[in-house]
Amino acid sequence: MLGFLNYQVRIFMASKDFELEKNTFKDFYDLNKTLHEHAKDSFLNIVTAFIKNKDFLISNIHGRVKDREECISKFSRKYQTRLEEENKEYEIKDYISDLIGIRIICLYETDIYQIREILLKEFEVIDITDKTKEMNEKDNSFGYKGLHLDLKLNADRRKMSEYKEFVDLRFEVQIRTIVQDAWSVLDHKIQYKKTPPIPIKRRINTLAALFELADREFYSIKNEIEKIQDELKKQSSDKSLNEPLDAFNFQSIAEEFFPEYEFQAFKVDGFVDEILSYNNNITAQDFHDYLSAQQEKIETYKESNNHFNGTNTFKMNPYTEIRHILYIADKMKYQRLLYNLQRDNFENWLNEYYKGESTKHNGKIKVDNQK
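Structure report, in brief. (Residues numbered from 1 in each chain as written. Predicted model: local features only at pLDDT ≥ 70, side-chain atom pairs only at ≥ 80, totals over all residues. Heavy atoms only, no water.)

### Observations concerning empty space enclosed by the protein
Then, number 1: Under the definition given, this model contains two cavities of 30 Å³ or more.
Then, number 2: Residue lining of the second largest cavity: Glu-21, Thr-24, Phe-25, Phe-28, Glu-91, Ile-92 and Lys-93, and that is the complete set.
Then, number 3: Tallied by class, residues from the lining of the second largest cavity come to three nonpolar, one polar and three charged. (1 Å grid on protein atoms, 1.4 Å probe; cavity = no way out; pocket = protein on both sides within 12 Å on 5 of 7 lines; lining within 4 Å. Points joined across faces, edges and corners; volume = space filled by probe spheres on them. Nonpolar A, V, L, I, M, F, W, Y, C, P; charged D, E, K, R; others polar.)

### Structural notes on a nonpolar patch on the surface
Then, number 1: A cluster of nonpolar side chains, namely Leu-207, Leu-210 and Leu-213, defines an oily patch on the protein surface of about 270 Å² accessible area.
Then, number 2: On the basis of relative accessibility, which here comes to 39%, the residue Leu-207 falls in the partly exposed class. (Patch = residues over 30% accessible without salt bridge, like charges linked within 9 Å, V, L, I, M, F, W, Y side chains within 5 Å. Areas by Shrake-Rupley, 256 points an atom, 1.4 Å probe, with all protein chains shown as cover. Salt bridge = Lys/Arg side-chain N within 4 Å of Asp/Glu carboxyl O. Buried < 20%, exposed > 50% of the residue type's maximum accessible area, 1.4 Å probe, protein only.)

### As for helix H13 (residues 318-329)
Then, number 1: Taking 1.5 Å of rise per residue, 12 residues should cover 16 Å, and H13 covers 16 Å from first to last C-alpha, within 8% of that figure.
Then, number 2: Summarising burial for H13: 12 of the 12 residues are buried, a large majority.
Then, number 3: Among the residues of H13, Pro-318, Tyr-319, Thr-320, Glu-321, Ile-322, Arg-323, His-324, Ile-325, Leu-326, Tyr-327, Ile-328 and Ala-329 are the ones counted as buried.
Then, number 4: For H13, the side-chain oxygen to backbone nitrogen distance between the N-cap and Tyr-319 is 3.0 Å, and the N-cap itself is Asn-317. (Helix = DSSP H or I, 4+ residues; strand = E, 2+ residues; numbered from the N terminus. Expected span 1.5 Å × (residues − 1). Polar contact = N/O pair within 3.5 Å; in protein donor to acceptor, adjacent residues only side chain to side chain.)

### Some points on the packing of aromatic side chains
Then, number 1: Throughout the structure, instances matching the rule amount to 25 aromatic pairs.
Then, number 2: Plain terms: the ring middles of Phe-25 and Phe-28 are 5.8 Å apart, the flat faces sit at 45° to each other, and that makes the pair tilted. Remark: Phe-28 and Phe-25 occur in helix H1 (residues 18-31); sequence separation between them is three residues, near one turn of the helix. Judged on exposure class, the residue Phe-25 and its partner Phe-28 are both buried.
Then, number 3: What links up through ring pairs into an aromatic cluster is the set Phe-250, Phe-258, Tyr-261, Phe-263, Phe-271, Phe-287 and Tyr-319.
Then, number 4: Above the ring of Tyr-108, the side-chain terminus of Lys-222 is found at 5.4 Å from the ring centroid. (Phe/Tyr/Trp six-rings, centres within 6.5 Å; stacked < 30°, edge-to-face > 60°. Lys NZ or Arg CZ within 6 Å of the ring centre and 35° of its normal.)

### Observations concerning the side chain of Glu-21
Then, number 1: Within the secondary structure, Glu-21 sits in helix H1.
Then, number 2: Of the side chains with opposite charge, Lys-93 lies nearest to the buried Glu-21, which makes no salt bridge, at 8.6 Å.
Then, number 3: Apart from residues no more than four positions distant in its own chain, Glu-21 is found in contact with Met-13, Ala-14, Ser-15, Tyr-90, Glu-91 and Ile-92. (Lys, Arg positive; Asp, Glu negative; His and termini not counted. Contact = heavy atoms within 4.5 Å.)

### Some points on the layout of surface pockets
One way to see where empty space is left: roll a probe the size of a water molecule over the atoms.
Then, number 1: The space that makes up the second largest pocket amounts to roughly 920 Å³.
Then, number 2: Of all the secondary-structure elements, those providing two or more residues to the lining of the second largest pocket are helix H4 (109-122), helix H7 (178-191), helix H8 (198-234), helix H10 (247-257) and helix H11 (265-278).
Then, number 3: If one sorts the elements of the lining of the second largest pocket by residue count, H8 sits on top with eight residues.
Then, number 4: Classifying every residue of the lining of the second largest pocket by side-chain character gives 15 nonpolar, six polar and 10 charged.

### With respect to the pattern of salt bridges
Then, number 1: In the structure shown here, the tally under the stated rule is 24 salt bridges.
Then, number 2: The salt bridge involving Lys-66 is made with Asp-98; its shortest N-O contact spans 3.1 Å. Of the two residues, Lys-66 sits in the loop between strand S1 (58-65) and helix H3 (68-85) while Asp-98 sits in the loop between H3 and strand S2 (100-106), which places them 32 residues apart along the sequence. Neither Lys-66 nor Asp-98 differs from the other in exposure class; each is buried.
Then, number 3: Notably, a salt bridge pairs Arg-68 with Glu-69, separated by 3.3 Å at the nearest N-O pair.
Then, number 4: When its relative accessible area of 38% is taken as the criterion, Glu-69 is described as partly exposed.
Then, number 5: Three or more residues are tied together by salt bridges with common partners; here these are Arg-64, Lys-66, Glu-70, Lys-74 and Asp-98.

Function cannot be inferred from these measures alone, as they are strictly geometric.
This is how it looks when you write it as C-alpha cells:
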C-alpha cells in the first residue's frame with residue numbers, strides 16, 4: 001500500500017534567490033524520494049504493458065529518478081540565467097520535467113512513431129519534443145535524435161485507487177533507436193561540459209552522420225530481408241525446398257505448419273543456427289518432411305501433459321515442438337536439441353505409448369504410429 005506516500009512540499013513562496021531555491025528543492029527532493037521511486041515503477045509497468053508483444057522489438061526499457069544534484073545542475077545550466085535576466089521568481093521543481101524518466105530503446109525509427117501513437121492514446125500529453133524531426137529539417141547538422149514525451153496519467157487512471165498518489169506527477173518518456181542511444185551516450189561523454197576545437201568538432205559531426213547512416217541502413221536491410229521472405233513465399237515449393245535450410249525457408253515452412261504463431265526473425269536466426277550446428281546438411285525439403293510426418297505425433301504428446309517437469313512450469317511452443325520433431329527424425333544428431341529432462345520425459349512417453357515399436361535404422365530412429 002502506498003497510502004503513506006503523500007506528496008510533500010516545504011511551504012515556501014517562489015523567490016529570485018537561487019541559494020534559497022536550491023535548498024528548498026533539496027528538501028522537496030528528499031521528502032518525496034520514496035514517492036517518486038514508486039511512481040517510476042508504476043509508470044514503467046504501465047508503459048511496458050502497453051508496448052510489449054507488439055509488431056516491433058524493444059531492445060531495452062528502463063526507468064530512473066533523476067539525481068538530485070543533476071536536477072539542480074540542469075536548472076542552473078538551462079534556466080537560471082534567463083529567469084534572473086527576466087527578474088522572475090521561480091521554484092526549481094517546476095522546471096524539472098524529467099525528474100521521473102523512462103527510456104525505451106527500439107530497433108528502427110519507424111518503431112519510435114508506433115510507440116508514440118500507443119502512448120498518446122493511453123496518457124495525457126503535456127508536451128512533445130521530436131528531436132528527430134528537428135534534425136531532419138536541417139541540411140547541415142547531425143547529432144542527437146529521438147522523441148521525448150512529457151506525460152501524466154489520463155483522467156480514467158487518475159480515478160483508480162492504485163494511482164491516487166501519482167495523479168499530480170508527470171514523467172518523461174524518451175524513445176530512441178539502438179543507434180541513437182549509442183550516439184547519445186558517446187557524444188555526451190565526449191562533449192559534456194566541453195567545447196571541443198573546430199577540427200575535433202568536425203570529426204564528431206562526421207561520426208554523427210555515420211551513425212545516422214547506420215540507422216537508415218539497418219532499416220533498409222530490414223526491408224530487403226522482408227522482401228526476400230515475401231519472394232520465398234511466392235516461389236514454387238519445389239524450388240525453395242531443394243535449398244539448404246536457412247532462416248528464410250525455415251520461417252516459410254514453419255508458418256505453414258504453425259499458422260497461428262508469429263515467428264520473429266531474430267529468434268528464427270538463432271534457432272536455425274542451432275539446428276545447423278548439429279546437422280549442416282539438412283535441406284528445406286528434409287525439414288518440411290520431418291514436420292509433415294511427425295507434427296501430429298508431437299501434438300499427441302503435447303496433449304498428454306507428459307512433457308511437464310512436475311511443476312507445470314514448462315509448456316511447449318512451436319519451437320519446442322520442432323525440437324521434438326527433429327529429435328524423432330534423428331536422435332543421434334539432434335539429441336542436444338532437448339535438454340536432459342525434456343529428453344527423459346519424451347523417451348518415457350515413447351516407451352509407454354509405442355512399446356517395442358521404436359527401432360534403429362542406419363543410425364536414425366523410426367517410431368511407428370501404432371501402440
